[in-house]
Structures are given as C-alpha cells and as structure tokens.
Amino acid sequence: MAVDMRLPTVSKTVSLSVSAFDRKDLVVPGDVITSDTGFMRGHGTYVDEEKLTASVAGEVQRVDKLICVRPLKTRQVMSPKPFNGEVGDVVVGRITEVQQKRWKVETNSRLDSVLLLSSVNLPGGELRRRSAEDELTMREYLQEGDLISAEVQSVFSDGALSLHTRSLKYGKLGQGVLVQLSPSLIKRQKTHFHNLPCGASIILGNNGFVWLYPTPEQQDEEAGGFYTSLEPISLSDREVISRLRNCLLALATHKVLLYDTSVLYCYESSLQHQVKDILKPEVMEEIVLLTQHKLLEQEG
Amino acid sequence: MAGLELLSDQGYRLDGRKATELRKFQARMGPFAQADGSAYLEQGNTKALAVVYGPHEMRGSRSRALHDRAVINCQYSMATFSTAERKRRPHGDRKSTEMSLHLKQTFEAAVMTQLYPRSQIDIYVKILQSDGGNYSVCVNAATLAVIDAGIPMRDYVCACTVGFVDETPLADLCYAEESGGVSSLALALLPRGGQIALLQMDARLHQDHLETLMEAAMTACKGVSKVLDEVVRQHLREASMLTRE
C-alpha cells in the first residue's frame, strides 16, 4: 500500500505588510482601550479603575458608544466563547442525557441545551396527548448519543437554549456524517437545509455542526421524525458524502463562509481530485482558490 | 553540591547568563485545531504544551458547578520522558496534584469566571521536557492557551522562579540551579496592576532578603510579560491578515 508521508515543515510565515504592523485596533488582555467614561462596555471588555480595558485578544469594534473586542478565534462570532443561539437558529446536536420530561443536548454552547418532551412531535400526529407512558418511553425515541436537528425555541436567562423539533424537517438523524466546525463559519440564511444537486443533502447547523446525509427519497409522515432508515447506502452516495466532508474541512481551514453555493462550488472544483487527496494542503489550497474565483464570478 | 559555583566572580551563572537574564523563549499559539485554545512554549530547555477546552457544560459530577461563576479544572502532567530518570506516573502523584491546584488558583485569579456561571473551563498542561521552573513555564504556556481560546482574562498571568545566591537574586532558574540548594521563590503576577496571583516558597530565607527577592521576581515577571505580549501581538497580526483576505 502506498503511504503518503511528508516531513514537518515550517509553517508559512505570512508576509506582514506595513499596514498590519501599525494597526491600532488590535488589543491584548489588559490593554486600556479608552479612559473616556462616555463609552459603553461590550463583550470582551471590562472596567478597571474607570478605564475601559480589553479582556481578550482581538479587534476593537465600535458601534456608536458601544465598544466590543472581537476575539479572532472563538466558538462564536461576536460574544466571547461558544455558540450563543438565537430564537429560530437551526442546530444539530447530540443527546447527552435523558431526564424527567426533557433531553439534554450538546450543541457546542456554554451550557447543554434542553429539548422538552412537550416540544417534540411524537409518532401519531401533532394532536396526540402526552401521557405518563410517553415519559417512561422517552429513551425509545431518543437515547444518549443520538444526533438530532432542531430549532431554538427560546433562550433561558442563564444562556441555555430550549430546542424544539415541531416540524417534520427536524428530528432524529439517521445515517450520515457529522462535521464539527466553528460556528462563525456558517453563513446565516433563510434555510439551512439543502438538497445539493450532487446527490446528498446537508444541514448547516448555526452551531457549527454540519450534517451530511444521503437525500431521502420520501418522507414518512407518520413517524414524526423518529424513524431512521437502516437501509444500506450505495457506494456512490457514500463517496459523494465523503467528498463533501473533505470539501467542508478544506473550506473551514481557509476560513471560507459555508452556505449551499460555496459548498457546491467547492465540490465541483474538487471533482478532478480523488476524495482522499482533498485533504492534502496543496490540493486544499488549489480547490479553495477555484471556489473563491467561482464565488466572485457569480457575485460580480 | 558544594563544589558547584552557581554564580561566578564575574557575575555569570552556570549556563552563562547574567543574574537577571531570562532564558530564551520560543512560543507558538494554536498548534492544535481540535482544542478551543492551545499553546506550546519553550523556556530554555523546559518545554510545555497547554490546551484549553471550554467553557462548556459541567462534566463529571454536576454538584461541583458554581451558580455564579465557572469552575476551572486544571491538570498538570509530566511526560514520562521529560526528566533524566523515566517517570512512572505521568500525572496523579502528589507533586502533580499540588501543581494542578496551584495552577487552578492562579487562573481563578485571572480568568473572568463570573461571565460563565454553571460552566467549566479545562486547562491541561503537559511538561514535555523538564529543566527547572516547571510551574512558571506551565503558567506562561497556559496563559497563551487561554488567550488563544478567546476566554476573557483581566490581564496576562506571568510567572517566574527566582533564587537567592550570594546575596544576589537569580531570575528564571534552570534545573541545575534549582537542585543546587538555592532558596527559590515562584511568583505569578498580573503585571499591569502588579497584583500577585500566586506566591510560593518552600525554602528558608532570611527575612531581610525577602524584599530584594520579591523585587527581582516582579521585574522578571514583567520581563516575561513583555515577551508574551510580543508573541500574542505577532499571532494576532498574522491571524488578522489571514481572516482579512
């Protein structure tokens, strides 16, 4: 078997232009941003002896009187650390615990999210009453380790999310591939569910979890989103999914925003390479460059 | 080790440094993509790797969760090949447990834990090669990792060990000096405000000398903070260039 080996190389040092050196808007923890008291304290800052001070390393952003520091790398765009969901966000998550009338879901956020038994569609239609038996058989619907797609229903005061799956498009996820990326890479869109023309479907969760799965032929309405097909997936479908997964990783490494068009263009650009070669740094760079060109053309 | 001369008449130490000179720093932020924050730091021959995860939901016993701030969970370990004699247990022995506790206390003073109630922040530090000043190198590496993770801190935490030989304070001790019977002191400082996050000394020292030793430790820590600052700013510039494109 041919093995691809490479020697450790010094990571390419980015040639810094002069402008980068005297950028005043980059701060590190403890830097005083302003001693003017007329400003409002935003994320990534704190007040120390009446001076507005940075608490993270990143760019200063000023909106009117509000000053924030945006860290360059966190699990979330604006706020310090993880994914802070908003109502209506689509998330992909993993069940970590089954509790009284609720499931706990890991969604890449600071605290585990909650999925209440009353906010899921149980098999048998929407108008079904929830009985005590349903509470006892919760584990039959969703158990620890299961993946689900859901929508944020509300945000609790402590920042934890309450989810719901009250639509046929949400529910338990069956066969597919999960890719965990940074939430800041997911572009907010009208819909986060896409049936890509290359033969697979994708759920771009706002929390940075992306689910790739073969496009379902027909939705079974009766199952209420808990039915998972265990039919074998054809090799060609699996290849498409693997290719998409590597494409996502390539895009994420080069910090390209993810949405249906960028993923699709990246997929098309990668077709001349083998699936396993996509992850090689030089191939990755080539594919991403091609994708960016296509995206620019489409925009311009 | 009576024969070993820690400070020569000309004012040079065993490894050729001056009394107040720090060892050479080499640092990298973000060597791991999987972790939320990571850093690698070499201080002379002491090499440490720090990884930060979180803040995330409490793992393990949920009863440890604090309702008004985050819990910081530290683990210090030494690679089995890090010392001259092979170590049996990489972590979990008394010394490591104590070190973990010290790290935890240090970072509780610096990280703004009150922003993340009921959560947990994990800091794992591993010594890959040990040549004195393990605690301080761990603190410095962990600081870089926490900054890389984007977790808010009041200030950098900079640490340095300082010893006292022939009425002269020596900054940033190496292993030979540490084991040479020097009374040494480890200090973790928030340099801008001059607040002390942790101060540790388990050797005997005359009271009159404490003042000078502390003074030297503070200066050394501020020197460390300058180096760390340069590392972080360089990293910031590079990262901001990448994201600008």
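Residues numbered from 1 in each chain as written. Chains lettered and ligands numbered in written order. Predicted model: local features only at pLDDT ≥ 70, side-chain atom pairs only at ≥ 80, totals over all residues. Heavy atoms only, no water.

Q: Where do I start with the sheet that holds strand β4 (residues 45–48) of chain A in this structure?
A: Within a sheet, adjacent strands bond to each other through the backbone by hydrogen bonds, running parallel or antiparallel. Residue and element names in this part refer to chain A. Pairing is antiparallel across the open sheet formed by three strands, whose spatial order is β2-β5-β4. Each edge of the open sheet carries a strand with a single partner, namely β2 (32–34) and β4. Averaged over all pairs of adjacent strands, the angle between their axes in this sheet comes to 45 degrees, without regard to strand direction. When β2 meets strand β5 (residues 51–54), the two strands line up antiparallel, connected through two bridges. Bridge pairing links threonine 34 to leucine 52 in β5. (Pairing = 2+ DSSP bridges. Helix = DSSP H or I, 4+ residues; strand = E, 2+ residues; numbered from the N terminus. Axes fitted to C-alpha atoms, helices over the stretch in contact; angles between N-to-C directions.)

Q: What exactly am I supposed to notice about the nonpolar core here?
A: Note on soluble globular proteins: their nonpolar side chains tend to be buried together. Counting residues in hydrophobic clusters, the biggest one holds 67 residues, and the most contacted among them are B:Leu103, B:Phe107, B:Ile121, B:Ile123, B:Tyr135 and B:Val157. Among residues more than four places away in sequence, those in contact with B:Tyr135 are B:Met99, B:His102, B:Leu103, B:Thr106, B:Ala159, B:Ala186, B:Ala188 and B:Leu198. Core analysis: the second largest hydrophobic core is formed by 33 residues, A:Leu185, A:Cys247, A:Leu248 and A:Leu251 among them. (Core = buried A, V, L, I, M, F, W, Y, C linked by side-chain atoms within 4.5 Å. Buried < 20%, exposed > 50% of the residue type's maximum accessible area, 1.4 Å probe, protein only. Contact = heavy atoms within 4.5 Å.)

Q: Would you mind going over the UniProt feature "domain: K Homology" (unreviewed entry) in chain A with me for this structure?
A: The UniProt feature table records "domain: K Homology" (unreviewed entry) at residues 176–217 of chain A. A distance of 15 Å separates the end C-alpha atoms of residues 176–217 of chain A, which is 0% helix and 43% strand. (UniProt positions renumbered as here; feature names shortened; annotations may be inferred.)

Q: Even after reading the chapter, I still don't get the side chain of B:Ser119, so can you show me in this structure?
A: With respect to the secondary-structure elements, B:Ser119 resides in strand β5 (residues 119–129). A residue is classified by how much of its surface remains accessible, and B:Ser119, at 0% relative accessible area, is buried. Within the local environment of B:Ser119, its side chain forms a polar contact with the side chain of A:Arg110, the two groups lying 2.8 Å apart. Setting aside anything within four residues of it in sequence, one finds B:Ser119 in contact with A:Arg110, A:Leu111, B:Pro55, B:His56, B:Met58, B:Arg69, B:Ala70 and B:Val71. (Polar contact = N/O pair within 3.5 Å; in protein donor to acceptor, adjacent residues only side chain to side chain.)

Q: Can you help me understand the packing of helix α4 (residues 235–253) of chain A against helix α6 (residues 281–299) of chain A in this one?
A: Angle between the axes and distance between the axes: these two values describe a pair of packed helices. All names here are of chain A. Relative orientation of the contacting elements α4 and α6 amounts to 80 degrees, with a least axis distance of 9 Å. When the interaxial angle is binned, α4 and α6 end up roughly perpendicular. When α4 is examined against α6, the residues Ala250, Leu251 and Thr253 are found in contact with a partner set consisting of Met284, Val288 and Thr291. When grouped by side-chain class, the residues that make up the contact of α4 with α6 number four nonpolar, two polar and no charged. (Parallel < 35°, antiparallel > 145°, perpendicular 65-115°, else oblique. Nonpolar A, V, L, I, M, F, W, Y, C, P; charged D, E, K, R; others polar.)

Q: Even after reading the chapter, I still don't get the interface of chain A and chain B, so can you show me in this structure?
A: The extent of an interface is frequently quoted as the accessible surface area lost upon association of the parts. Counting residues at the interface gives 39 residues for chain A and 38 residues for chain B. Carbon and sulfur atoms make up 54% of the surface buried where chain A meets chain B, a total of about 3,200 Å² over both sides. Our count for the chain A to chain B interface comes out at three salt bridges. Close ionic contact of A:Asp31 with B:Arg192 constitutes a salt bridge, the shortest N to O distance being 3.0 Å. Scanning the region where chain A abuts chain B turns up 11 residue pairs in polar contact (both at pLDDT 80 or more). Listed by contribution, the elements that provide at least two residues to the side of chain A that touches chain B are α1 (18–21), β1 (26–27), β6 (58–63), β8 (90–99) and β9 (102–106) of chain A. Class assignment for the residues of the side of chain A that touches chain B results in 17 nonpolar, eight polar and 14 charged. (Buried area = accessible area lost by both parts, 1.4 Å probe. Salt bridge = Lys/Arg side-chain N within 4 Å of Asp/Glu carboxyl O.)

Q: Got a minute to help me understand the sheet that holds β6(A) in this structure?
A: All names here are of chain A. Spatially, the four strands line up as an open sheet ordered β1-β6-β7-β3, and their pairing is mixed. Every interior strand has two partners, whereas the edge strands, β1 and β3 (40–41), have only one. Where β6 meets strand β7 (residues 66–71), six bridges bridge the pair, whose relative direction is antiparallel. Across the sheet, residue valine 60 finds its bridge partner in β7, namely valine 69.

Q: I tried to follow helix α5 (residues 260–270) of chain A on my own but got confused; where do I start?
A: Note on helix geometry: an α-helix contains 3.6 residues per turn, so any two residues three or four positions apart are oriented the same way. All names here are of chain A. The buried count for α5 comes to nine of 11 residues, which makes it a mostly enclosed element. Among all positions of α5, only Thr261, Ser262, Val263, Leu264, Tyr265, Cys266, Tyr267, Ser269 and Ser270 are buried. Along its buried surface, α5 packs onto β16 (200–204), α4 and α6.

Q: How should the UniProt feature "domain: Exoribonuclease phosphorolytic" (unreviewed entry) in chain B be read in this particular structure?
A: All names here are of chain B. Taking the numbering used here, the UniProt-annotated feature "domain: Exoribonuclease phosphorolytic" (unreviewed entry) corresponds to residues 21–152 and 155–219. End C-alpha atoms of residues 21–152 are separated by 31 Å, and the span's content is 25% helix alongside 33% strand. Taken end to end, residues 155–219 comprises 26% helix and 40% strand; its first and last C-alpha atoms sit 16 Å apart.

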